[in-house]
Amino acid sequence: MNRETIKVITPIGKQEIELKAWLTGREKREITNLFLEKAQIGETGLSGIKIDSEIINRAQDKAFETVVVSIDGKTEGILEKILDMRSEDFEFLVNEVNKITGGKGDDDVKKK
């Protein structure tokens, strides 16, 4: 499937990052399931959910692997390149990926 992509430039390293513009339902489910597979719901319900840092890192890695198409035109070793970025560029990319993986709220979808 050909999918629309967007390109962003990291603020410090000036690397061109190509991102998928949207996720499929299957991709969204895979990322969400990483959080839920080890989540522990406490007696207080959802407010008592405990998620360890390993799960957050795995979900973030999966999001990077799913959303990032290339870095400076190269498709190999994307996750390692992201983890080796300066922290400012890393945070910038996290925010860009979160915009895509976060989805739209119900009100945004209804407006279209």
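Residues numbered from 1 in each chain as written. Predicted model: local features only at pLDDT ≥ 70, side-chain atom pairs only at ≥ 80, totals over all residues. Heavy atoms only, no water.

### Re the pattern of salt bridges
This model, assessed by the stated rule, comprises six salt bridges. Across the pair Glu27 and Arg3 runs a salt bridge, and its minimum N-O distance is 2.8 Å. With Glu27 in helix H1 (residues 25–36) and Arg3 in the segment before strand E1 (5–9), this pair connects stretches of sequence that are 24 residues apart. Accessibility classification places Glu27 together with Arg3 in one group, the buried group. Measuring nitrogen to oxygen at the nearest pair gives 3.0 Å for the salt bridge that ties Glu96 to Lys99. Placement of both Glu96 and Lys99 in helix H4 (residues 87–101) is noted, with a separation of three residues, approximately one turn of the helix. Looking at Glu96, the relative accessible area reads 13%, which means it is buried. (Salt bridge = Lys/Arg side-chain N within 4 Å of Asp/Glu carboxyl O. Helix = DSSP H or I, 4+ residues; strand = E, 2+ residues; numbered from the N terminus. Buried < 20%, exposed > 50% of the residue type's maximum accessible area, 1.4 Å probe, protein only.)

### Quick look at H1
When the terminal C-alpha atoms of H1 are compared, their 16 Å separation across 12 residues agrees well with the 16 Å that a helix rising 1.5 Å per residue should span. Buried within H1 we find Glu27, Ile31 and Leu34. Down the axis of H1, the buried set is contained in an arc of 50°. They therefore lie on one face. Exposed and oriented more than 90 degrees from the buried face of H1 are Gly25, Arg26, Arg29 and Leu36. On its buried face, H1 sits against strand E2 (16–20), helix H2 (53–67) and H4. (Expected span 1.5 Å × (residues − 1). Arc of directions from axis to C-beta. Contact = heavy atoms within 4.5 Å.)

### A short note on the nonpolar core
Ranked by internal contacts, the top residues of the largest apolar core, which has 19 residues, are Ile17, Leu19, Phe64, Val68, Ile82, Leu93 and Val97. Among the elements that make up this core, the one with the highest residue count is H4 (five residues). Not counting chain neighbours up to four residues away, the residues in contact with Val68 comprise Ile17, Glu18, Leu19, Ala63, Ile78, Ile82 and Val97. (Core = buried A, V, L, I, M, F, W, Y, C linked by side-chain atoms within 4.5 Å.)

### Some points on unusual backbone geometry
The phi dihedral of Lys14 falls on the positive side, at around 55°, and the residue is not glycine. Take Lys14: its relative accessible area is 57%, and that puts it in the exposed class. The phi torsion at Asp72 lies on the positive side, around 50°, for a residue other than glycine. If you trace the backbone, Asp72 turns up in the loop between strand E5 (68–71) and helix H3 (78–83). Taking relative accessible area as the criterion, Asp72 reaches 42% and is therefore assigned partly exposed.

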